[in-house]
Amino acid sequence: MKTIAVIPARYASTRFPAKLMQDLGGKTVILRTYEAAVNTGLFDDVFVVTDSILIYDEILNHGGKAIMSVKEHESGSDRIAEAVENLEVDIVVNVQGDEPFINAAPLAKVIEVFRNDFDKKIDLASLMFEITDTEEINNPNNVKVVTDQSGFALYFSRSVIPYPRETNVGVRYMKHVGIYAFRKEALMAFYHLPMKSLEASEKLEQLRYLEFGKRIKMVETTHVGIGIDTPEDLEKARKML
């Protein structure tokens, strides 16, 4: 089962432009993320996929592997799909470019579900963790997910799901972590399917998979990644380093 990591890396960012090229302890954020992915030892290969010649050159100049996007893309999945279309690979793992402190354990968990999926019932695997703070639960920037009894995603939303009409019934609120492992076939299907109303409304690409009947296996983790979304996040990362 050939497994690769692909790191989608846009230069432009709404909240923090050029964040991936910022200095983090003598190396750029994107280079640290690339090296961290390689150092997990989980992947047969690791690529950065980017629309920026600056990021492309940054990776290549340090001995890494990078692919330039040819087209403009609405989502990270589209960018990855274009990059891997002609690669011989079974599982593609999407690693976030702005998370340089990669923990190997949760990545290993999402890869492992495919090793045990002999009937190929799983199209994607992703991560979630429990949140209990009311403000976090109500925050639309935190994407929530509900699953069936077998751990397959039923729906993702920025809204509070399930709605707490009754309390004290044992409901757990699970936050989605945007790390995906795809079967290549499912990823390529996504690439050629149109965006429908649920995805357009919530601005969540994973809903396209659900709308077209793909099965997303959710894996619970206790590890919360540290993303760099703002200059303040970058300062925290520098202190951590």
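A quick note: this is a predicted structure, and the numbers were derived from the prediction, not measured.

## Let's talk about the overall build of the protein chain
Consideration 1: Of regular secondary structure, the protein chain possesses nine helices and 11 strands.
Consideration 2: Its C-alpha atoms give the protein chain a radius of gyration of 18 Å, within 12% of the compact-globule value 18 Å for 241 residues.
Consideration 3: Considered along the principal axes of its C-alpha atoms, the protein chain spans approximately 55 × 40 × 35 Å.
Consideration 4: Taking all 241 residues of the protein chain together, the buried fraction comes to 48%.
Consideration 5: Across the protein chain, the fraction of contacts at a sequence separation of at least 24, relative to all contacts at a separation of at least 6, is 68%.
Consideration 6: Put simply, the protein chain shows about 12300 Å² of open surface, and 48% of that area lies on carbon and sulfur atoms.
Consideration 7: For the protein chain, the separation between the mean place of its 29 positive charges and that of its 36 negative charges on side chains is 2 Å.

## Some thoughts on the pairing of strand S7 (residues 124-131)
Strand residues, when the strand is regular, have side chains that alternate between the two faces of the sheet.
Consideration 1: Within S7, seven of the eight residues are buried, which leaves it mostly tucked inside the rest of the structure.
Consideration 2: Summarising the sheet, S7 and strand S10 (residues 173-183) pair through eight bridges and their orientation is antiparallel. Paired with Ile131 across the bridge in S10 is Tyr173.
Consideration 3: Summarising the sheet, S7 and strand S11 (residues 216-220) pair through five bridges and their orientation is parallel. Each bridged residue has a counterpart across the sheet, and for Ala125 the counterpart in S11 is Lys217.

## Some details on the environment of Ala83
Consideration 1: Turning to its location among the elements, Ala83 is positioned in helix H3 (residues 76-84).
Consideration 2: Distance from Ala83 to Gly26, taken between C-alpha atoms, is 29 Å for residues 57 residues apart in sequence.
Consideration 3: Each residue touching Ala83, except ones within four places of it in the same chain, is listed here: Val49 and Ile67.

## Details of the side chain of Asp233
Consideration 1: By the secondary structure assignment, Asp233 is in helix H9 (residues 231-240).
Consideration 2: We note that Asp233 is buried and unpaired, the nearest opposite charge coming from Lys236 at a distance of 4.5 Å.
Consideration 3: With near-sequence residues (within four places) excluded, Asp233 lies in contact with Gly227 and Ile228.

## Considering the pattern of salt bridges
Consideration 1: Using the criterion set out here, one finds 10 salt bridges in the structure.
Consideration 2: In this structure, Glu35 and Lys27 form a salt bridge, with 2.8 Å as the shortest nitrogen-oxygen distance.
Consideration 3: Measuring nitrogen to oxygen at the nearest pair gives 4.0 Å for the salt bridge that ties Arg208 to Asp78. Taken together, the residues Arg208 in helix H8 (residues 206-211) and Asp78 in helix H3 connect sequence positions 130 residues apart.

Parameters and conventions
Residues numbered from 1 in each chain as written. Predicted model: local features only at pLDDT ≥ 70, side-chain atom pairs only at ≥ 80, totals over all residues. Heavy atoms only, no water. Helix = DSSP H or I, 4+ residues; strand = E, 2+ residues; numbered from the N terminus. Rg over C-alpha atoms; globule rule 2.2 N^0.38 Å. Buried < 20%, exposed > 50% of the residue type's maximum accessible area, 1.4 Å probe, protein only. Contact = heavy atoms within 4.5 Å. Areas by Shrake-Rupley, 256 points an atom, 1.4 Å probe, with all protein chains shown as cover. Lys, Arg positive; Asp, Glu negative; His and termini not counted. Charge placed at Lys NZ, Arg CZ, Asp CG, Glu CD. Pairing = 2+ DSSP bridges. Salt bridge = Lys/Arg side-chain N within 4 Å of Asp/Glu carboxyl O.

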